Each structure stands twice: as structure tokens, then as C-alpha cells.
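In case you want the letters, here they are:
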Amino acid sequence: MTITLRPLPAPEAEARLPELAAILVDAVEHGASVNFLAGLSMEQAAGFWRGQLPGLADGSRQLFVAEAAGRLAGTVVLTLAHQPNAPHRAEIGKMLVHSALRRQGLGQRLLRMAEDAALAAGRTLLLLDTETGSAGELLYRRCGWAEVGRVPDHSLTPDGRLADSTIFCKRLNSLAQHP
Ligand SMILES: CC(C)(COP(=O)(O)OP(=O)(O)OC[C@H]1O[C@@H](n2cnc3c(N)ncnc32)[C@H](O)[C@@H]1OP(=O)(O)O)[C@@H](O)C(=O)NCCC(=O)NCCS
């Protein structure tokens with residue numbers, strides 16, 4: 001199956017809120033710690049994505065998606081820091097690959113697309129946090145991100161257990177961005 005990656009602009013993201021919601025619900029149902037608890041409804045998930053739309057429209061966020069046979073298969077959001085003293089910084093979030101399509105390199109491809117976009121926007125320092133010991137942590141290490149440290153009991157897992165988070169950063173430069 002051919003899987004293509006591309007930015008999803010705000011109008012299209014709005015039109016495809018149910019598909020975006022389905023990706024988020026799938027991740028939570030499979031135990032991912034992505035800010036939500038078990039039982040996340042499609043309406044709640046769509047509400048999260050709706051909240052991203054203004055940023056997508058004004059350029060402070062960029063959403064990249066993977067599509068398999070025209071259906072959304074993965075997402076990643078790049079959020080540019082808005083603080084006047086952080087014009088070089090951005091964050092990565094909602095790095096999600098549908099559970100049926102994992103371990104095929106999609107996460108890595110999406111992350112690279114977001115990193116390239118960050119660099120193109122002049123953002124050379126990226127930050128994120130992820131549940132310690134998660135697949136996300138393995139992905140980020142594989143993609144050359146550096147561990148900053150661990151925060152004990154940072155968040156609840158979907159089933160309500162406190163879990164540590166690991167904070168990662170990555171410096172970007174045009175010569176050696178991807179390991
Ligand atoms: C994290 C996630 C996006 C990875 O997506 P993916 O498409 O499966 O990742 P890739 O296939 O690109 O993996 C790239 C590399 O990361 C590492 N990796 C990713 N998932 C892994 C896993 N479950 N176990 C071990 N290594 C893993 C491996 O090194 C892998 O390379 P390899 O397959 O050649 O060994 C996906 O597991 C996911 O959506 N999880 C739920 C949501 C989530 O936790 N997101 C992170 C929140 S910050």
C-alpha cells in the first residue's frame with residue numbers, strides 16, 4: 001500500500017475532523033499517553049483537533065499527515081514557540097500512527113517532515129515530552145533526539161496510573177539533521 005505524507009491545511013483539517021479524531025481515539029484505546037484518558041469519545045477528540053485549527057490557520061502550527069489509500073493514517077503537529085525570546089524554538093506533538101500501520105517507518109517519516117518544516121521556518125531547537133518507556137521514546141531516540149531528563153509521575157496513563165515522562169530536545173542544522 002502506498003502511503004503519502006503531506007501538510008494538512010486548516011480548511012482540510014476542519015473538513016476531516018472525524019478522521020483526525022479517529023486517529024487520536026485509536027491511540028488512546030491502544031494505551032498511548034497523549035493527554036487523554038481511556039474512554040475518550042470521538043466528540044472529545046474532534047474537540048481537541050478543532051482547538052488546533054486557529055493555529056493552523058494563522059501559521060503558528062503545522063499539521064502533517066500520512067494517508068493510506070486516501071485515509072488518514074498518522075499525524076504530527078509542529079507548534080512554533082510564540083514567546084519573543086524563543087524565535088528559534090518549536091514543539092512536536094500528537095505524533096500518532098494508526099495502530100494497524102505501526103513499525104513500518106511512518107512515525108519516522110512524519111517526524112522528519114515536521115523537523116524539515118521546523119528548520120524551514122527558522123526553528124533550530126525542538127522540544128517534546130513522552131511517556132517514559134513508550135514507543136514514542138524509542139522513536140525519538142532512533143531519530144537522534146537527546147534526553148533532557150525525566151519528570152516523575154508527570155501524567156496519568158489512559159488507565160489512570162501515574163507514569164514518568166521523558167523530555168527530549170533536538171537541535172537542527174541543515175548539514176546533519178537526520179541520523
Ligand atoms: C510512537 C509511534 C508514533 C511510532 O510510530 P511508528 O510508525 O510505529 O514508528 P516507526 O515505524 O517509524 O519506528 C521508527 C523506529 O522507532 C523505534 N520504534 C518505534 N516503535 C517502536 C516499538 N513499539 N518498539 C520498539 N521500537 C520502536 C524503532 O527503532 C523503529 O525503527 P525499526 O522499526 O527500524 O526498529 C506509534 O507507536 C504511535 O502512534 N504510538 C502511540 C502514540 C504515541 O505514543 N505517540 C508518541 C507520543 S509523544
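(A) Examining the overall build of the protein more closely. Scanning the protein for helices and strands turns up five helices and seven strands. The linear arrangement of helices and strands in the protein, starting from the amino end, is β-α-α-α-β-β-β-α-β-α-β-β. At 15 Å, the protein has a C-alpha radius of gyration in line with the 16 Å of a compact globule built from 179 residues. In terms of principal-axis extent, the alpha carbons of the protein reach across some 40 × 40 × 35 Å. Of the contacts formed within the protein by residues at least 6 apart in sequence, a portion of 64% connects residues at least 24 apart.

(B) Broad picture of the sheet that holds strand β6 (residues 146-156). Taken in spatial order, the seven strands of this open sheet run β1-β2-β3-β4-β5-β7-β6, and their pairing is mixed. Among the strands making up the open sheet, the edge pair consists of β1 (3-7) and β6. On average, each strand axis in the sheet is tilted by 20° relative to the strand beside it, whichever way the strands run. Direction of pairing for β1 relative to strand β2 (residues 61-68): antiparallel, over a ladder of five bridges. For Arg6, the partnering residue across the bridge sits in β2 and is Val65. Each of β4 (89-97), β5 (125-131) and β7 (162-171) touches helix α5 (residues 135-142); the most contacted strand, β5, lies at about 150° to it.

(C) Spotlight on the site of the ligand. If you check the shell around the ligand, you find 20 residues, and the closest are Ala32, Arg102, Gly107, Gln108 and Gly136. Only β4, α4 (106-120) and α5 provide two or more residues apiece to the shell around the ligand. Ranked by residues supplied to the shell around the ligand, first place goes to α5 with five residues. Grouping the amino acids of the shell around the ligand by side-chain chemistry returns 10 nonpolar, seven polar and three charged.

(D) Structural view of unusual backbone geometry. Despite not being glycine, Ala69 has its phi angle at roughly 50°, a positive value. With respect to the helices and strands, the residue Ala69 is situated in the loop between β2 and β3 (71-80). Located in the positive-phi region is Lys94, a residue other than glycine, with phi close to 45°. Structurally, Lys94 is set in strand β4. For Lys94, a count of 21 C-beta atoms within 10 Å puts it in the buried group.

Rules used throughout
Residues numbered from 1 in each chain as written. Predicted model: local features only at pLDDT ≥ 70, side-chain atom pairs only at ≥ 80, totals over all residues. Helix = DSSP H or I, 4+ residues; strand = E, 2+ residues; numbered from the N terminus. Rg over C-alpha atoms; globule rule 2.2 N^0.38 Å. Contact = placed C-beta atoms within 7 Å. Pairing = 2+ DSSP bridges. Axes fitted to C-alpha atoms, helices over the stretch in contact; angles between N-to-C directions. Near = placed C-beta within 6 Å. Nonpolar A, V, L, I, M, F, W, Y, C, P; charged D, E, K, R; others polar. Buried ≥ 20, exposed ≤ 12 C-beta atoms within 10 Å, placed from the backbone.

Spatial relationships are all this shows, so hold off on functional conclusions.
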